[in-house]
Amino acid sequence: MTAMAEESDLEKTEEPTGRRLEQAREKGQVPHSRELGTFLVLISAGAAFWMMGSWFMQRSMAITRKALSIEPEFMREPSLMLPRLVEISGDALLAFSPFFALLLLAAVLPPFFLNAFVFSTQALTPDLKRLNPLAGIGRMFSWGSLMELGKAVLKASLVGGVAILLIWKERDEIFGLLAEPLEAGLAHAGQLVTFSFLMLVATLILVVAADVPFQLWQYFDKLKMTKEEVKQEMKEMMGDPQLKGRIRSLQMQAARKRMMAAVPQADVIVTNPTHYAVALSYKAGMSAPKVVAKGMGAIALKIREVGMANAVPIMEAPPLARALHKHADLDREIPGALYNAVAEVLAYIYQLANWRQAGGAYPTPPRELPVPLELVPEAA
């Protein structure tokens, strides 16, 4: 049973994760279909000649006439022939530039259809493993090679069969070209060739329809992962537990320093008296008092120490201290259920401050604060 479990863990049965796919893209490993690229280039070329064939023919004839028209000064000055050749070549390039631009666009489109457009320098790095003859022989008899052979046979059968049907169907027009004038015959022949070319290319849709799903399946199948690889990747993504613990400890230390720095600005520190300490602040414009520091144990003692050093009033109210520590978040307003209890505490603190400045009757500290019992946790 153990051997079977280990064998199962080594089998690539899991679909590739997002990270595995991203790593493959970084290496330039993306799905691609040569059949799709060939089809788009050929169909674009055929469509261009079908729609602009007459214009191409006119421009070609004009350029040919210009090239064959040799003026006397060119005979006397052979050095003028090179600029003449450059001029004619520029005219030809300009005339056929829309056609070349369309072919270039068709050549770069296939990756976008497969969501496989990527630029990776790693794909340009020489790989000596590809020169291994044994690996090459293995690829010759692989499933992919058999698929390529099947596609080649299918293409040859389709194109050959359609070509025979087209020739048989258009046989009368083909033989009729012999009786037509030169220019009319050339135009008619161009139409026949272009139409036949488009029909032949259209048959490749069947090949593309079979090749694209196969290439996608083969690509994702090669990237499948074992269960152990998935587990290892999850560990890498989650990070080293010790490192995460260290980072969490540093974050807690930084948060504690910020919290202690806010204690001197507190209006009152509510204590348990020693196990819990919660520092509250209430300033003009605030909708409710806010917790600026809280803690228990050693942190509570540190809050009390900092508060006493900065003359922050400290009030012992165990139920309220425990309720605030349990239900009030740091740097957040206190829960609404504790408004009344905290209001009485702050009122007493303000009265105490006035007594210290003006004297008079000593304010009476609140005895029974209205703290809901369901909010008070058990005393530590």
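Look above for the structure.
Everything numeric in this text was worked out from a predicted model, so none of it was measured.

Rules used throughout
- Residues numbered from 1 in each chain as written.
- Predicted model: local features only at pLDDT ≥ 70, side-chain atom pairs only at ≥ 80, totals over all residues.
- Heavy atoms only, no water.
- Axes fitted to C-alpha atoms, helices over the stretch in contact; angles between N-to-C directions.
- Helix = DSSP H or I, 4+ residues; strand = E, 2+ residues; numbered from the N terminus.
- Parallel < 35°, antiparallel > 145°, perpendicular 65-115°, else oblique.
- Contact = heavy atoms within 4.5 Å.
- Nonpolar A, V, L, I, M, F, W, Y, C, P; charged D, E, K, R; others polar.
- Expected span 1.5 Å × (residues − 1).
- Bend = angle between axes of the 7 residues up to and from the residue.
- Buried < 20%, exposed > 50% of the residue type's maximum accessible area, 1.4 Å probe, protein only.
- Arc of directions from axis to C-beta.
- Salt bridge = Lys/Arg side-chain N within 4 Å of Asp/Glu carboxyl O.

Caption draft 1: Layout of the packing of helix α3 (residues 34-68) against helix α10 (residues 182-202). The interhelical angle for the contact between α3 and α10, taken along N-to-C directions, is 170°, at an axis separation of 8 Å. Here α10 runs roughly antiparallel to α3, going by the angle between their axes. Only Glu183, Gln191, Thr194, Phe195, Phe197, Leu198, Val201 and Ala202 of α10 make contact with α3, whose side of the interface consists of Phe39, Leu42, Ile43, Gly46, Ala47, Phe49, Trp50 and Met61. Each residue belonging to the contact of α3 with α10 can be placed in one class, and the counts come to 12 nonpolar, three polar and one charged.

Caption draft 2: Quick peek at α3. Compared with the 51 Å implied by 1.5 Å per residue over 35 residues, the 41 Å span of α3 between its first and last C-alpha is markedly short. Helix geometry: α3 is bent most strongly at Met52, by close to 75°. Among the residues of α3, Glu35, Leu36, Gly37, Phe39, Leu40, Ser44, Ala45, Gly46, Ala48, Phe56 and Ile63 are the ones counted as buried.

Caption draft 3: Summary view of helix α14 (residues 298-309). With 12 residues, α14 extends 16 Å from end C-alpha to end C-alpha; this agrees with the ideal 16 Å at 1.5 Å per step. Turning to α14, its buried residues are Ala300, Ile303, Arg304, Val306 and Gly307. Seen end-on, α14 carries its buried residues on one side only, within an arc spanning 165°. The exposed residues of α14 that point more than 90 degrees off its buried face are Ala298, Met308 and Ala309. Phi turns positive, to about 60°, at Ala311, one or two residues after α14.

Caption draft 4: How the structure looks around the pattern of salt bridges. Here the structure, examined in full by the defined rule, presents seven salt bridges. Measuring nitrogen to oxygen at the nearest pair gives 2.9 Å for the salt bridge that ties Glu87 to Lys66. Note that Glu87 is positioned in helix α5 (residues 81-108) and Lys66 in helix α3, a separation of 21 residues in sequence. A salt bridge links Asp267 to Lys283; the shortest N-O distance between them is 3.5 Å. Taken together, the residues Asp267 in the loop between α13 (241-262) and β3 (268-271) and Lys283 in the loop between β4 (276-281) and β5 (290-296) connect sequence positions 16 residues apart. Overlapping salt bridges, with partners in common, bring together Glu15, Asp221 and Lys224 in one network.

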